[in-house]
Amino acid sequence: MAVNSMAGYKILQAEKQGIYVLKFIGEIRLNLCSTLDNLVESITQDPDFKTVVIDLTETEIIDSTTLGLLAKIAMAAQKRSNFLPTMISTNPDITRIITSMGFDKIFIIVREPASRIEELEEIPVLRASEQQVRDKVLEAHRVLMGLNSRNREEFKLSLIHISEPTRRTPIS
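In this report, we go over the structure that sits alongside the text. (Residues numbered from 1 in each chain as written. Predicted model: local features only at pLDDT ≥ 70, side-chain atom pairs only at ≥ 80, totals over all residues. Heavy atoms only, no water.)

Observations regarding the environment of Leu138
Note the following rule: Helix and strand definitions follow DSSP, with helices as H or I runs of at least four residues and strands as E runs of at least two, each counted in order from the N terminus. Think of it in three bands: residues with accessible area under 20% of the maximum for their type are buried, residues over 50% are exposed, and the middle band is partly exposed, with areas taken using a 1.4 Å probe on protein chains only.
On the secondary structure map, Leu138 appears in helix 4 (residues 130–145). Residue classification places Leu138 among the buried positions, given a relative accessible area of 1%. A sequence separation of 70 residues divides Leu138 from Gly68, and the C-alpha atoms of the two residues are 9.3 Å apart.

Following this line, the structure appears as structure tokens:
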């Protein structure tokens, strides 16, 4: 299954015996948060789900909301099978970001491309309202805050700012 767009982004997926492979191509940003959240929910609810391999070798840009959703699926994989999922990143900038976010604690990070990923299908992009996007951003950032104290400080103010239009109490 795949998410395709003329806008320069795509998510490809394959699954075999409960092992999911997700390949992110191009600029993976906020515009895909509902699609990715739906995908994460679908994968984690699969009774055969064991683990996931995230391929970022063709990712140019990845935002914190996407990272929060990837952390969510990693934690679900660990809970389900006690195996650390794998993240493949050959871009030093992206590797630095994911390492600084604490992903080396929830993923095995591989810095070489996978030799063979087959049967990947495109995932269709879902449309989402502004409120749905805001809710996904808040949820993803809360997941990132739970990974380490640096993230907690980094995202605390942004969560308050994001939630202001709908909530008046600070998020702790």
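Observations concerning the environment of Tyr20
The cut-off we apply is this: Whether two residues are in contact is decided by their heavy atoms: any pair within 4.5 Å suffices. Under the rule applied, a polar contact is a pair of N or O atoms within 3.5 Å (in protein, one hydrogen donor and one hydrogen acceptor; residues adjacent in sequence only if both atoms are side-chain atoms).
With respect to the element layout, Tyr20 can be found in strand 3 (residues 19–28). Taking the C-alpha atoms as reference points, Tyr20 and Pro85, 65 residues apart in sequence, are found 9.7 Å from one another. Dropping the residues within four chain positions of it, Tyr20 is found in contact with Gln13, Ala14, Glu15, Ile43, Asp46, Phe49, Thr51, Val52 and Val53. Here the side chain of Tyr20 touches Asp46 through a polar contact of 2.5 Å, side chain to side chain.

Brief notes about the pairing of strand 4 (residues 51–62)
Let me state the cut-off plainly: Two strands pair if DSSP finds at least two bridges between them. Orient the strands so they point away from the viewer; a crossover is then right-handed if the path from the first strand over the helix to the second runs clockwise.
Strand direction decides the pairing type here: strand 3 and strand 4, joined by nine bridges, are parallel. Note on strand 4: the bridge partner recorded for Gly26 is Thr59. Crossover handedness for the path strand 3 to helix 1 (residues 33–45) to strand 4: right-handed. Here strand 4 runs beside strand 5 (residues 86–88); their pairing, made up of three bridges, is parallel. Bridging across to strand 5, Val53 finds its partner in Thr86.

Quick word on helix 3 (residues 92–100)
Heads up, the rule is: This arc is taken over the directions from the axis of the helix to the C-beta atoms.
Along helix 3, the residues classified as buried are Ile94, Thr95 and Ile98. End-on view of helix 3: buried residues confined to an arc of 100°, all on one side of the axis. Relative to its buried face, helix 3 has exposed residues pointing more than 90 degrees away, namely Pro92 and Arg96. Residues of helix 3 that are buried make contact with strand 4, helix 2 (64–81), strand 5 and strand 6 (108–110). Where helix 3 starts, the residue carrying a side-chain oxygen 2.8 Å from the main-chain nitrogen of Asp93 turns out to be Asn91.

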